[in-house]
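Fold and geometry: a report
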Amino acid sequence: MILALVGLGVGLILGSLCPLTIPVTYSKLFSVALLAGLDSVFGGFRSALDDRFDNMVFMSGFFVNGLLAAFLVYAGDRLGIDLYYVALLAFGLRIFQNLAIIRRYYLKKRR
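Source: prediction; values computed, not measured.

In this section: the nonpolar core. Core analysis: the largest hydrophobic core is formed by 7 residues, namely Val32, Ala36, Ala69, Val73, Tyr84, Ala87 and Phe91. Elements represented by at least two residues in this core include exactly α2 (27-49), α3 (55-79) and α4 (84-110). For this core, the element with the most residues is α4, which contributes 3 residues. Not counting residues within four places of it along the chain, the set of residues in contact with Val73 comprises Lys28, Leu29, Val32 and Tyr84.

Counted by the stated rule, this structure contains 5 aromatic pairs. Summarising the aromatic geometry, the rings of Phe53 and Phe58 are spaced 5.8 Å apart at their centres and angled 45° between planes, so their arrangement reads as tilted. Among the residues examined, Phe58 registers a relative accessible area of 22% and is labelled partly exposed. Through a chain of ring-to-ring contacts, the aromatic side chains of Phe53, Phe58, Phe62 and Phe63 assemble into a single cluster.

This part covers a nonpolar patch on the surface. Together, Ile2, Leu5, Val6, Leu8, Val10, Leu12 and Leu14 line one region of the surface with nonpolar side chains, adding up to about 700 Å² of accessible area. Tracing the backbone shows Val10 in helix α1 (residues 2-17). Taking the relative accessible area as the measure of exposure, Val10 reaches 45% and is therefore partly exposed.

What follows concerns the packing of α2 against α4. Running from N to C, α2 and α4 cross one another at 25°; their axes reach a closest spacing of 9 Å. By the angle between their directions, the pair α2 and α4 is classed as roughly parallel. Relative to α4, α2 is oriented so that their crossing is left-handed. Here Lys28, Ser31, Val32, Leu35, Ala36, Leu38, Asp39, Phe42, Gly43, Phe45, Arg46 and Leu49 of α2 come into contact with α4, specifically with Tyr84, Ala87, Leu88, Phe91, Arg94, Ile95, Asn98, Leu99, Ile101, Ile102, Tyr105 and Tyr106. Across the contact of α2 with α4, the residue classes break down as 17 nonpolar, 3 polar and 4 charged.

Cut-offs used in this document
Residues numbered from 1 in each chain as written. Predicted model: local features only at pLDDT ≥ 70, side-chain atom pairs only at ≥ 80, totals over all residues. Heavy atoms only, no water. Core = buried A, V, L, I, M, F, W, Y, C linked by side-chain atoms within 4.5 Å. Buried < 20%, exposed > 50% of the residue type's maximum accessible area, 1.4 Å probe, protein only. Helix = DSSP H or I, 4+ residues; strand = E, 2+ residues; numbered from the N terminus. Contact = heavy atoms within 4.5 Å. Phe/Tyr/Trp six-rings, centres within 6.5 Å; stacked < 30°, edge-to-face > 60°. Patch = residues over 30% accessible without salt bridge, like charges linked within 9 Å, V, L, I, M, F, W, Y side chains within 5 Å. Areas by Shrake-Rupley, 256 points an atom, 1.4 Å probe, with all protein chains shown as cover. Salt bridge = Lys/Arg side-chain N within 4 Å of Asp/Glu carboxyl O. Axes fitted to C-alpha atoms, helices over the stretch in contact; angles between N-to-C directions. Parallel < 35°, antiparallel > 145°, perpendicular 65-115°, else oblique. Left-handed = near helix turned anticlockwise from the far one by under 90°. Nonpolar A, V, L, I, M, F, W, Y, C, P; charged D, E, K, R; others polar.

Written as C-alpha coordinates, this is what we have:
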(Lines give C-alpha, C1' and ligand atoms only; values in the text may rest on other atoms or scores of the structure.)
Protein backbone atom coordinates (compact mmCIF):
# COMPACT_ATOMS: atom_id res chain seq x y z
CA MET A 1 0.00 0.00 0.00
CA ILE A 2 2.84 2.36 0.82
CA LEU A 3 4.49 1.58 -2.51
CA ALA A 4 1.30 2.52 -4.35
CA LEU A 5 1.07 5.84 -2.50
CA VAL A 6 4.73 6.61 -3.19
CA GLY A 7 4.18 5.81 -6.87
CA LEU A 8 1.15 8.10 -6.92
CA GLY A 9 3.13 10.90 -5.33
CA VAL A 10 6.03 10.51 -7.74
CA GLY A 11 3.61 10.44 -10.67
CA LEU A 12 1.87 13.61 -9.49
CA ILE A 13 5.18 15.43 -9.03
CA LEU A 14 6.48 14.33 -12.44
CA GLY A 15 3.17 15.29 -14.03
CA SER A 16 3.28 18.77 -12.57
CA LEU A 17 6.94 19.30 -13.54
CA CYS A 18 6.54 18.05 -17.12
CA PRO A 19 3.58 19.93 -18.58
CA LEU A 20 1.97 17.98 -21.37
CA THR A 21 -0.83 19.21 -23.56
CA ILE A 22 -3.16 16.82 -25.32
CA PRO A 23 -4.26 17.95 -28.81
CA VAL A 24 -7.99 18.46 -29.16
CA THR A 25 -8.18 15.75 -31.81
CA TYR A 26 -7.07 13.18 -29.24
CA SER A 27 -9.14 14.46 -26.32
CA LYS A 28 -11.91 11.88 -26.76
CA LEU A 29 -9.43 9.03 -26.95
CA PHE A 30 -7.47 10.30 -23.95
CA SER A 31 -10.55 10.75 -21.78
CA VAL A 32 -11.74 7.21 -22.49
CA ALA A 33 -8.25 5.77 -21.98
CA LEU A 34 -7.94 7.60 -18.67
CA LEU A 35 -11.25 6.24 -17.44
CA ALA A 36 -10.34 2.73 -18.62
CA GLY A 37 -7.10 2.93 -16.64
CA LEU A 38 -8.83 4.28 -13.55
CA ASP A 39 -11.45 1.55 -13.79
CA SER A 40 -8.73 -1.10 -13.79
CA VAL A 41 -6.89 0.53 -10.89
CA PHE A 42 -9.97 0.80 -8.69
CA GLY A 43 -11.03 -2.72 -9.65
CA GLY A 44 -7.59 -4.00 -8.69
CA PHE A 45 -7.71 -2.13 -5.39
CA ARG A 46 -11.15 -3.55 -4.68
CA SER A 47 -10.02 -7.11 -5.43
CA ALA A 48 -6.96 -6.60 -3.22
CA LEU A 49 -9.26 -5.66 -0.35
CA ASP A 50 -11.24 -8.86 -0.98
CA ASP A 51 -7.97 -10.88 -1.06
CA ARG A 52 -8.71 -11.91 -4.66
CA PHE A 53 -6.08 -9.83 -6.49
CA ASP A 54 -4.43 -11.55 -9.44
CA ASN A 55 -1.75 -9.62 -11.29
CA MET A 56 -2.48 -11.34 -14.62
CA VAL A 57 -6.18 -10.48 -14.39
CA PHE A 58 -5.30 -6.88 -13.51
CA MET A 59 -2.79 -6.44 -16.34
CA SER A 60 -4.95 -8.13 -18.96
CA GLY A 61 -7.98 -6.10 -17.86
CA PHE A 62 -5.97 -2.89 -17.97
CA PHE A 63 -4.83 -3.44 -21.55
CA VAL A 64 -7.99 -5.06 -22.88
CA ASN A 65 -10.17 -2.28 -21.42
CA GLY A 66 -7.88 0.34 -22.92
CA LEU A 67 -7.83 -1.33 -26.33
CA LEU A 68 -11.59 -1.84 -26.35
CA ALA A 69 -12.15 1.78 -25.38
CA ALA A 70 -9.76 2.97 -28.09
CA PHE A 71 -11.53 0.78 -30.64
CA LEU A 72 -14.93 2.17 -29.63
CA VAL A 73 -13.69 5.73 -30.05
CA TYR A 74 -12.03 4.94 -33.37
CA ALA A 75 -15.03 3.06 -34.75
CA GLY A 76 -17.37 5.79 -33.58
CA ASP A 77 -15.28 8.45 -35.30
CA ARG A 78 -15.18 6.44 -38.52
CA LEU A 79 -18.96 5.94 -38.41
CA GLY A 80 -19.70 9.51 -37.39
CA ILE A 81 -21.27 8.38 -34.10
CA ASP A 82 -20.09 9.50 -30.68
CA LEU A 83 -19.50 6.01 -29.28
CA TYR A 84 -17.06 7.36 -26.74
CA TYR A 85 -20.07 8.34 -24.65
CA VAL A 86 -20.84 4.64 -24.25
CA ALA A 87 -17.33 3.94 -22.99
CA LEU A 88 -17.38 6.97 -20.68
CA LEU A 89 -20.70 5.88 -19.22
CA ALA A 90 -19.63 2.26 -18.76
CA PHE A 91 -16.25 3.01 -17.22
CA GLY A 92 -17.64 5.84 -15.11
CA LEU A 93 -20.35 3.57 -13.72
CA ARG A 94 -17.84 0.84 -12.88
CA ILE A 95 -15.52 3.34 -11.18
CA PHE A 96 -18.34 4.60 -8.96
CA GLN A 97 -19.41 1.04 -8.14
CA ASN A 98 -15.86 0.09 -7.15
CA LEU A 99 -15.49 3.25 -5.06
CA ALA A 100 -18.77 2.50 -3.30
CA ILE A 101 -17.59 -1.01 -2.43
CA ILE A 102 -14.22 0.30 -1.23
CA ARG A 103 -15.97 2.95 0.88
CA ARG A 104 -18.29 0.36 2.44
CA TYR A 105 -15.30 -1.87 3.22
CA TYR A 106 -13.54 0.91 5.14
CA LEU A 107 -16.73 1.97 6.91
CA LYS A 108 -17.32 -1.61 8.10
CA LYS A 109 -13.70 -1.91 9.14
CA ARG A 110 -13.94 1.33 11.13
CA ARG A 111 -16.96 0.11 13.10
